[in-house]
Amino acid sequence: MVNSMHYVILGAGPAGVTAAETIRAHDKTATLTLIGGEPEPPYSRMAIPYLLHGSINEHGTYLRQDDNHYNALNVNYKHGFAERLDPQNKQVHLKGGEAVSYDKLLLAVGASPISPPIPGADLPGVHNCWTLADAREILKLADKNAPVVLVGAGFIGSIVLEALYQRGCRLTVVEIAPRMVARMMDETAGGMLGDWCVAKGVDVVTDTRVEEISTTSGGADLAVRLSNRNLIPAKLVVMAAGVKPNTAFLDGSGVELGQGIKVNNFLETTAPDVYAAGDCCEGIDLSTGKPDMLAIQPVAVEHGRIAGKNMAGIKTPHEGSLNMNVLDTMGLISSSFGLWQGTPGGTTASLTDSSKFKYLKLNFEDDRLIGAQCVGMTDHVGMLRGLIQTGFRMGEWKDKLIESPELLREAYLAVAQGATISGPTGPRVSTPVVD
Amino acid sequence: MQKALVIDPGKCTGCKQCEMACSYEKDNEFNVAKSRIRVFEFHEDGKFVPYTCTQCAEAWCQQACPVNAITTDAASGVKLVHDNLCVGCKVCTIACPFGTVNYNSTTGKVIKCDLCFGEPACEAACPTDAITYQDIDQTGFDKMKMWAKQSADGAEPSGPNPPVAH
Ligand SMILES: Cc1cc2nc3c(=O)[nH]c(=O)nc-3n(C[C@H](O)[C@H](O)[C@H](O)COP(=O)(O)OP(=O)(O)OC[C@H]3O[C@@H](n4cnc5c(N)ncnc54)[C@H](O)[C@@H]3O)c2cc1C
Ligand code: SF4
């Protein structure tokens with residue numbers, strides 16, 4: 001049978017690539033076009049910090065390491081930048097005039113950094129850290145002992161901080177919020193991170209805005225003026241002040257937008273045969289059951305798989321993704337899961353040892369774990385996801401944990417023994433039966 | 001023929017030979033903290049539970065990896081971490097809902113059980129047969145799956161994302 005179906009995937013990040021692979025797994029003959037907005041082969045933004053470290057080269061950032069991967073899957077990968085979507089005629093218009101027709105389209109266009117309205121933010125020597133092109137610019141300037149100002153100490157900012165520190169830059173981090181990673185961890189954890197950075201010789205300035213960046217005639221090339229009146233010399237300024245979804249080209253297309261592209265449970269947008277996945281869309285947050293922007297790699301992959309299945313005709317609802325992050329800050333490893341801030345009426349268990357930079361906080365609703373934060377603890381942390389994702393009733397183990405949070409692993413085993421946890425979207429997998 | 005570690009905690013005496021053997025096999029040192037298999041103790045009822053990766057068919061760690069550093073060995077089904085590709089981002093350690101992928105701060109990479117390429121050191125070291133290595137179709141593996149299915153049908157987890165029936 002001739003299959004004339006043409007799937008077009010716009011965006012070649014983890015969401016787009018996963019969707020292309022998923023569609024191919026279920027439809028061997030359809031035409032599949034994957035369009036990336038950047039010239040490189042599909043790559044992973046989250047590998048960029050390791051390129052900056054020097055622990056990998058650009059090839060090491062590629063999402064798939066086999067250069068023949070897309071050919072082998074008969075996926076036509078091309079470079080192109082969408083400027084307009086015409087859902088009536090089922091066409092995507094690319095920069096340069098080409099129009100690509102589709103039968104089914106996935107919008108997996110990701111997000112872009114926000115440029116805050118700071119005078120001088122467009123000067124040479126001021127860069128985002130979002131693309132491989134950005135990374136190449138940063139590498140030219142981020143030498144050992146170079147004075148560098150990092151604007152923003154959120155999750156991504158803190159990851160970039162680590163990379164710049166590893167390069168030996170002299171770092172000043174400016175954060176508008178009262179603490180680091182304010183949207184990932186509470187005062188205790190964020191405070192520990194801040195103290196740790198200071199102990200490592202990184203200057204962390206919180207509650208402070210960058211007012212202006214200017215050029216200087218002195219040794220360093222730039223000067224960064226802060227709202228606390230300090231003037232910081234810098235050879236390089238890296239902006240990490242937040243991101244916004246790449247939805248501008250959808251204005252007027254009829255694809256409904258909220259914070260990001262609006263999707264239903266099957267990751268369909270409001271335009272027929274147009275789906276969305278990853279950083280650009282508002283997927284369901286497992287913790288709240290409500291749409292939200294969960295701009296993280298594992299969620300982009302989950303969306304990509306589910307959208308790919310639905311596009312290939314296998315109806316697969318998205319039940320929600322869990323928000324979670326892990327961060328390595330100069331050797332201090334922290335993570336947060338789900339409702340790390342807890343819930344009104346819920347209970348918490350916590351363990352704090354500031355002098356040893358150790359923190360564990362567990363948030364419960366009734367006897368279910370709904371969120372957690374860890375600092376200085378890495379062993380078996382995935383169990384936290386397991387407990388939150390499955391919503392096991394923990395019964396007496398909740399009380400034991402409130403008494404001794406360090407019993408977390410034993411609690412997990414006792415509660416989850418032999419129980420099932422559904423795979424990312426696939427068959428169930430189960431914890432070993434231990435009785 | 002795919003084989004699996006079958007663990008019978010009832011036989012475990014908590015001697016930790018498996019942890020020692022694992023860390024020696026993998027890191028050339030006796031350091032239980034680096035073992036891929038861990039024995040958890042339940043002090044109150046004097047129980048010991050050896051615990052390690054079950055090599056999920058569709059593995060969460062593998063799907064979360066940003067650089068495809070975790071692959072499936074076609075013959076054994078084992079999920080392998082390739083150190084040359086792993087960047088040490090730790091996303092797999094939070095993605096694995098079983099908590100069986102761990103970060104090794106010495107190497108800056110993650111470690112997980114790879115069944116020692118077909119000759120698991122833990123199994124060889126276990127003096128009580130609490131850990132055995134058996135053909136999947138002849139072992140409790142199917143039973144384990146059945147049991148798991150029953151338990152899921154009987155007591156569906158009550159979270160907002162209950163397992164999707166397949
Ligand atoms: C430095 C850094 C570190 C990070 N670290 C982590 C981490 O540790 N953990 C974590 O979970 N997440 C991390 N992230 C976030 C993670 O990278 C993103 O969540 C993930 O990349 C989202 O995947 P995506 O496929 O939705 O979008 P993207 O990866 O952004 O891909 C979008 C694709 O769309 C293309 N595109 C955009 N606009 C157009 C257009 N108009 N036409 C055609 N193509 C277009 C782009 O070129 C790209 O190919 C990090 C991000 C950065 C930048
Ligand atoms: S730590 Fe290594 S194996 Fe794990 S997700 Fe990151 S790169 Fe992949």
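Computed from a prediction, not measured in an experiment: that's the story for all the values here.

Draft legend 1. Expanded view of the overall build of chain A. What chain A contains, in helices and strands, is 10 helices and 28 strands. For a compact globule of 435 residues, the expected C-alpha radius of gyration is about 22 Å, and chain A comes in at 23 Å, within 12% of that figure. In terms of overall dimensions, chain A has a C-alpha envelope of 70 × 70 × 40 Å along the principal axes. Every one of the 435 residues in chain A was classed for burial, and the buried ones make up 59%.

Draft legend 2. Up close: the site of ligand 2. Around ligand 2 sit B:C65, B:P66, B:V67, B:I70, B:C86, B:V87, B:G88, B:C89, B:K90, B:C92 and B:V110, and that is every residue in its neighbourhood. Here the shell around ligand 2 is built from residues that sort into nine nonpolar, one polar and one charged.

Draft legend 3. Focus on the nonpolar core. Residues and elements named next belong to chain A. Grouped together as the largest cluster of nonpolar side chains are 102 residues, with contacts concentrated most on L164, V238, L362 and M394. Considering every element that reaches this core, the biggest residue donor is helix α10 (residues 408-416), with six residues. Setting aside residues no more than four positions away along its own chain, M394 makes contact with F364, D367, L369, L387, L401, A411 and V415. In terms of nonpolar packing, the next biggest core, distinct from the first, is built from 45 residues, A30, V100, V255 and M311 among them.

Draft legend 4. Structural view of the sheet that holds strand β25 (residues 358-365) of chain A. Residue and element names in this part refer to chain A. Here five strands make up an open sheet; going across it, the order is β22-β23-β26-β25-β24 and the pairing antiparallel. Unpaired on one side and paired on the other, β22 (324-329) and β24 (347-353) mark the two borders of the sheet. Across the sheet, the mean angle from the axis of one strand to that of its neighbour is 10°, orientation sign disregarded. Alignment of strand β23 (residues 332-338) against strand β26 (residues 368-375), held across five bridges, turns out to be antiparallel. Within β26, the residue paired with F337 across the bridge is A372. On the sheet, helix α9 (residues 396-403) packs against β24 and β25 and is oriented at approximately 30° with respect to β24.

Draft legend 5. Summary view of the environment of A:P113. Residue and element names in this part refer to chain A. Structurally, P113 is set in strand β8 (residues 111-113). As for P113 and A240, which are separated by 127 residues in sequence, their C-alpha atoms are 7.1 Å apart. When residues no more than four places from it in sequence are discounted, the contact partners of P113 are N128, W130, G242, V243 and K244.

Draft legend 6. How the structure looks around the site of ligand 1. Residue and element names in this part refer to chain A. Around ligand 1 lies a shell of 31 residues, among which E38, R45, A82, D279 and Q297 are the nearest. Here an oxygen atom of ligand 1 sits 3.0 Å away from a polar atom, N or O, in the main chain of A12. Protein contacts shield 96% of the accessible area of ligand 1, which totals 1,000 Å² for the unbound molecule. Secondary-structure elements contributing two or more residues to the shell around ligand 1 are α1 (14-26), α5 (155-166) and α7 (297-311). The residue inventory of the shell around ligand 1, partitioned by class, reads 19 nonpolar, nine polar and three charged. Looking at which domains feed residues into the shell around ligand 1, each of domain 1 (6-112 + 244-311) and domain 2 (126-241) supplies at least three.

Draft legend 7. Quick look at the side chain of A:Q373. Residue and element names in this part refer to chain A. Mapped onto the fold, Q373 is located in strand β26. Within polar-contact distance, the side chain of Q373 engages the backbone oxygen of W340 at 2.9 Å. Excluding residues that lie within four positions of it along the chain, Q373 makes contacts with M185, D186, A189, S335, S336, W340, Y359, L360 and K361.

Draft legend 8. Quick peek at the domain arrangement of chain B. Residues and elements named next belong to chain B. We note that the domain assignment places domain 1 (1-53 + 113-166) and domain 2 (57-112) within chain B. Counting residues at the interface gives 11 residues for domain 1 and 13 residues for domain 2. Where domain 1 abuts domain 2, roughly 1,000 Å² becomes buried across the two surfaces, and 54% of that area is made up of carbon and sulfur atoms. On the domain 1 side of the interface with domain 2, the three residues burying the most area are Q2, K34 and Y51, jointly 36% of the side's total. Applying the counting criterion to the domain 1 and domain 2 interface returns zero salt bridges. At the junction of domain 1 and domain 2, the tally comes to three residue pairs in polar contact (both at pLDDT 80 or more).

Draft legend 9. Examining the packing of aromatic side chains more closely. For the structure shown, the criterion picks out six aromatic pairs over all chains. Summarising the aromatic geometry, the rings of A:Y70 and A:Y77 are spaced 6.0 Å apart at their centres and angled 35° between planes, so their arrangement reads as tilted. Under the relative-accessibility criterion, A:Y77 is labelled partly exposed at 24%. Of the aromatic side chains, those joined through ring pairs into one cluster are A:Y412, B:F40 and B:Y51. Sitting over the ring of A:F81, A:K95 keeps its end group 5.8 Å from the ring centre. In this structure, A:K400 packs its charged tip against the face of A:W397, placed 4.0 Å from the ring centre.

Draft legend 10. Inspection of α1(A) at higher detail. All names here are of chain A. An ideal rise of 1.5 Å per residue puts 18 Å on 13 residues; α1 measures up with 18 Å between its terminal C-alpha atoms. Of all 13 residues that make up α1, 11 are buried, and the element is covered over most of its length. Every buried residue of α1 is accounted for by P14, A15, G16, V17, T18, A19, A20, E21, T22, I23 and R24. On its buried face, α1 is in contact with β1 (6-10), β2 (31-36), α3 (69-72), β7 (104-107) and α7.

Draft legend 11. Layout of the pattern of salt bridges. If you walk through the whole model with that rule in mind, you get 28 salt bridges over all chains. A:E187 is the salt-bridge partner of A:R179, the closest N and O atoms lying 3.6 Å from each other. Overall, the relative accessible area of 14% leaves A:R179 in the buried class. The residue B:D114 makes a salt bridge to B:K26 at a minimum N-O spacing of 2.9 Å. Of this pair, B:D114 sits in the loop between β7 (109-111) and α4 (121-125) while B:K26 sits in helix α1 (residues 17-27), and the two are 88 residues apart along the sequence. Looking at B:K26, the relative accessible area reads 24%, which means it is partly exposed.

Draft legend 12. Highlighting the domain arrangement of chain A. Residues and elements named next belong to chain A. For chain A, the assigned domains read domain 1 (6-112 + 244-311), domain 2 (126-241) and domain 3 (331-429). Using C-alpha coordinates to define each centre, domain 1 is positioned 30 Å away from domain 2. With 14 residues of domain 1 at the interface, the matching set in domain 2 holds 14 residues. Carbon and sulfur atoms supply 71% of the area that domain 1 and domain 2 bury against each other, a total of about 1,300 Å² over both sides. Inspection of the region where domain 1 meets domain 2 yields two salt bridges. Taking the shortest distance from any N to any O, the salt bridge between E58 and R136 comes out at 2.7 Å. Connecting domain 1 to domain 2 are six residue pairs in polar contact (both at pLDDT 80 or more). Among the secondary structure elements, those contributing two or more residues to the side of domain 1 that touches domain 2 are α2 (48-53) and β8. Element by element, the count of residues in the side of domain 1 that touches domain 2 is highest for α2, at five residues. Across the side of domain 1 that touches domain 2, the residue classes break down as six nonpolar, three polar and five charged.

The rules we used
Residues numbered from 1 in each chain as written. Chains lettered and ligands numbered in written order. Predicted model: local features only at pLDDT ≥ 70, side-chain atom pairs only at ≥ 80, totals over all residues. Heavy atoms only, no water. Helix = DSSP H or I, 4+ residues; strand = E, 2+ residues; numbered from the N terminus. Rg over C-alpha atoms; globule rule 2.2 N^0.38 Å. Buried < 20%, exposed > 50% of the residue type's maximum accessible area, 1.4 Å probe, protein only. Near = heavy atom within 4 Å. Nonpolar A, V, L, I, M, F, W, Y, C, P; charged D, E, K, R; others polar. Core = buried A, V, L, I, M, F, W, Y, C linked by side-chain atoms within 4.5 Å. Contact = heavy atoms within 4.5 Å. Pairing = 2+ DSSP bridges. Axes fitted to C-alpha atoms, helices over the stretch in contact; angles between N-to-C directions. Polar contact = N/O pair within 3.5 Å; in protein donor to acceptor, adjacent residues only side chain to side chain. Areas by Shrake-Rupley, 256 points an atom, 1.4 Å probe, with all protein chains shown as cover. Domains from an automatic or database assignment. Buried area = accessible area lost by both parts, 1.4 Å probe. Salt bridge = Lys/Arg side-chain N within 4 Å of Asp/Glu carboxyl O. Phe/Tyr/Trp six-rings, centres within 6.5 Å; stacked < 30°, edge-to-face > 60°. Lys NZ or Arg CZ within 6 Å of the ring centre and 35° of its normal. Expected span 1.5 Å × (residues − 1).

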